[in-house]
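Single-letter residue listing:
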Amino acid sequence: MYLLSVLVLSAASLRLPAVFGDHIVLQRAKPVPVWGEAEAGAKVTVAFGGQKKSAVAGADGRWMVKLGALKASATPRTLVVTTGAGEKVEIGDVLVGEVWLGSGQSNMAMLVRNSRDYPAEQAAAKYPLIRVFKEESLANRAPQWAGKGQWAAVTPESVGASSAVLYFFGREVFQQLGGQVPVGLVNSSVGGTPIESWIDGKVQAAVPELKANTETLERTFERFDRKKADKKAVDTWARRGGPGDLFNGKIAPLIPFALRGVLWYQGEGNASPGRSDLYQHQLALLVNDWRSRWGEELPFAWAQLPNFTRAGDDWSKVQEAELRTLRLPKTGMAVTIDIGDPGNIHPTNKQDVGKRLANWALATVYKKAGVPASGPLPAKHSVRGGEVVVEFAHAHGGLKSRDGGALTGFTLAGSDGVYQKASARVVGSTVVVSSAGVTAPAGLRYAWESNPVCNLVNGAGLPASPFRLEQLASGR
């Protein structure tokens, strides 16, 4: 009934972006923007939860109001938008709770139906208070505002078409918050896409380290001849567009929809020679630019690339860039070096990816005590004779090897730059690393391969991130 009412009125001048639809979840405990189009100069009133807010449409027909902070509510209500001319849009079955945006490429886009243990997951997917919205708009040369898509409650019939990482994240958050606070999950992701497509092109070009790359990609896109190219190439270009085109088509329509935070799973499309070195600049830029456009320092976390058989250092360099970007405030990372599939770039174990992202959110955003926010992350280091001592954050009950045996995955190099297998032992929240063949360590690496043999975990069993330390002799 509600959906029909919106569709019937869509031909009138009053309309809202697609994200404002039946079964929506609105963010609790912060102002909630509601916006759309109407006749220029029309007075638009939004009524919900005992509030009424009005605005006048500008010369371009755009209007926006901000509802005051709402309390969580699992009771379905109706949001009503009207104009002085008698137009009305009703959005039904509206809940209020926690809303998260998930974006990235194929491993974020991967569906629950393609994940591990799908029959059991499908049968258990009875969560009417968890709602999913899939942004279905396409890449575009110019920023869009309306978008495409619709909300749906999680049921055995609908869950298969949901982003697996986002669903398993949302389910964990929902359960750990007590199973009474609704959770909204907004999925805006596209497989096979580079990070360049997800950041405004002009913003990228303004960064000195990214300017040349952005201009090259822009020229390549503009010169692409769709008439002469094969179908596969045409589909690829249509899917990812030029620099910033997925931002324009699939993120811009969601701004400034009220969110609790953002999840990101991408990097595969940038783990290639000549591109991976840029990722540390690109990921930080994406976080900062999206935050700027939403007008707040949104909590932001990503899944680090998992183990996968891939030649060269580039896979590790993207993992390193993801680790380095944690220098930004209110960010987190799910380390997944132990749950990938060496022969499949799309590992089916999305349950643990979602749970680890949820752990970060529960520990840092929702302040739940006792939840491990992360696997071990290198914090400080020192050289002591022929040994390197690395101190880790997030030891969470103590460092150890996953299997109870000797630590693996560490290598050391001297001034010659040749890395040799090293032994390592846990001392409190530190790991002491040495190698018989290296008397004056100049470099240390841990899990520095695309599919490493490594086993350092914390007391919660979460794995340590791959990392490298170089120029040790100089104290850097």
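Here is what the cut-offs are and how they apply
Residues numbered from 1 in each chain as written. Predicted model: local features only at pLDDT ≥ 70, side-chain atom pairs only at ≥ 80, totals over all residues. Heavy atoms only, no water. Helix = DSSP H or I, 4+ residues; strand = E, 2+ residues; numbered from the N terminus. Rg over C-alpha atoms; globule rule 2.2 N^0.38 Å. Buried < 20%, exposed > 50% of the residue type's maximum accessible area, 1.4 Å probe, protein only. Contact = heavy atoms within 4.5 Å. Areas by Shrake-Rupley, 256 points an atom, 1.4 Å probe, with all protein chains shown as cover. Lys, Arg positive; Asp, Glu negative; His and termini not counted. Charge placed at Lys NZ, Arg CZ, Asp CG, Glu CD. Polar contact = N/O pair within 3.5 Å; in protein donor to acceptor, adjacent residues only side chain to side chain. Pairing = 2+ DSSP bridges. Axes fitted to C-alpha atoms, helices over the stretch in contact; angles between N-to-C directions. Core = buried A, V, L, I, M, F, W, Y, C linked by side-chain atoms within 4.5 Å. Salt bridge = Lys/Arg side-chain N within 4 Å of Asp/Glu carboxyl O.

Examining the overall build of the protein chain
Right, so step 1: For the protein chain, the count of helices and strands is eleven helices and 23 strands.
Right, so step 2: A compact globule built from 476 residues should have a C-alpha radius of gyration of about 23 Å, and the protein chain, at 24 Å, falls within 12% of that.
Right, so step 3: Taking the principal axes of the C-alpha coordinates as reference, the protein chain spans close to 85 × 55 × 40 Å.
Right, so step 4: Expressed as a percentage of its 476 residues, the buried residues of the protein chain come to 55%.
Right, so step 5: For the protein chain, long-range pairs separated by at least 24 residues make up 73% of all intrachain contacts whose partners lie at least 6 apart in sequence.
Right, so step 6: Counting every atom, the protein chain has about 19400 Å² of accessible surface; 52% of that belongs to carbon and sulfur.
Right, so step 7: Here the protein chain contributes 54 positive and 42 negative side-chain charges, whose respective centroids are spaced 3 Å apart.

Concerning the side chain of Glu 196
Right, so step 1: In this fold, Glu 196 is placed in the loop between strand S10 (183-189) and helix H5 (201-205).
Right, so step 2: Given the relative accessible area of 2%, Glu 196 is considered buried.
Right, so step 3: Polar contacts involving the side chain of Glu 196 include one to the side chain of Asn 270, which spans 3.0 Å.
Right, so step 4: Discounting chain neighbours no more than four positions away, the residues touching Glu 196 are Gln 204, Asn 213, Leu 217, Pro 243, Gly 244, Asn 270, Arg 275 and Gln 282.

What to know about the sheet that holds strand S19 (residues 423-427)
Right, so step 1: Taken together, four strands build an open sheet; the order of strands is S14-S15-S20-S19 and the sheet is antiparallel. Whereas interior strands pair on both sides, the edge strands pair on one side only; in this sheet they are strand S14 (377-384) and S19. Neighbouring strand axes in the sheet, compared pairwise and without regard to direction, differ in orientation by 25 degrees on average.

So, the nonpolar core
Right, so step 1: Counting residues in hydrophobic clusters, the biggest one holds 135 residues, and the most contacted among them are Trp 290 and Phe 410.
Right, so step 2: Apart from the residues lying within four places of it in its own chain, the contact partners of Trp 290 are Leu 101, Ser 103, Trp 198, Phe 247, Ile 251, Val 262, Trp 264 and Phe 300.

Notes on the sheet that holds strand S17 (residues 410-413)
Right, so step 1: Strand order in the open sheet formed by four strands is S18-S17-S21-S23, with antiparallel pairing between adjacent strands. If you trace the sheet from one side to the other, it starts and ends with strand S18 (419-421) and strand S23 (467-470), each paired once. Each adjacent strand pair in this sheet contributes to an overall mean axis angle of 20 degrees, direction not counted.
Right, so step 2: The pairing of S17 with strand S21 (residues 443-446) spans four bridges and is antiparallel. Each residue of the ladder has a partner; that of Leu 412, found in S21, is Leu 444.

Overview of the pairing of S17
Right, so step 1: Bridge count for S17 against S18 is three bridges, and the pairing is antiparallel. Directly across from Leu 412, in S18, lies its bridge partner Gln 420.
Right, so step 2: Adjacent in sequence and paired antiparallel, S17 and S18 are bridged by five residues, among which Gly 417 carries a positive phi angle near 75 degrees.

Section: helix H7 (residues 231-240)
Right, so step 1: Between the side-chain oxygen of the N-cap and the backbone nitrogen of Lys 232 there are 3.2 Å, and the N-cap of H7 in question is Asp 230.
Right, so step 2: Count one or two residues on from H7 and you reach Gly 241, which has phi positive near 65 degrees.

So, the pattern of salt bridges
Right, so step 1: Under the counting rule described, the total for this entry stands at 28 salt bridges.
Right, so step 2: Here Glu 121 ties to Arg 171 by a salt bridge, and the two come within 2.7 Å at their closest N and O atoms. Highlighted residues: Glu 121 in helix H3 (residues 118-124) and Arg 171 in helix H4 (residues 164-176), separated in sequence by 50 residues.
Right, so step 3: Owing to a relative accessible area of 11%, Glu 121 belongs among the buried residues under this scheme.
Right, so step 4: Taking the shortest distance from any N to any O, the salt bridge between Arg 141 and Glu 218 comes out at 2.6 Å. With Arg 141 in the loop between strand S8 (127-134) and strand S9 (151-154) and Glu 218 in helix H6 (residues 208-223), this residue pair connects regions lying 77 residues apart in the sequence.
Right, so step 5: Residue Arg 141 is classed as partly exposed on the basis of its relative accessible area of 38%.
Right, so step 6: Of the residues examined, Glu 218 reaches a relative accessible area of 26% and is grouped as partly exposed.

Quick look at the side chain of Ser 435
Right, so step 1: Take Ser 435: it is sitting in the loop between strand S20 (430-434) and S21.
Right, so step 2: Under the relative-accessibility criterion, Ser 435 is labelled buried at 11%.
Right, so step 3: At 3.1 Å, the side chain of Ser 435 and the backbone oxygen of Lys 421 are in polar contact.
Right, so step 4: Among all residues touching Ser 435, those that are not within four sequence positions of it are Leu 412, Gln 420, Lys 421 and Ala 422.

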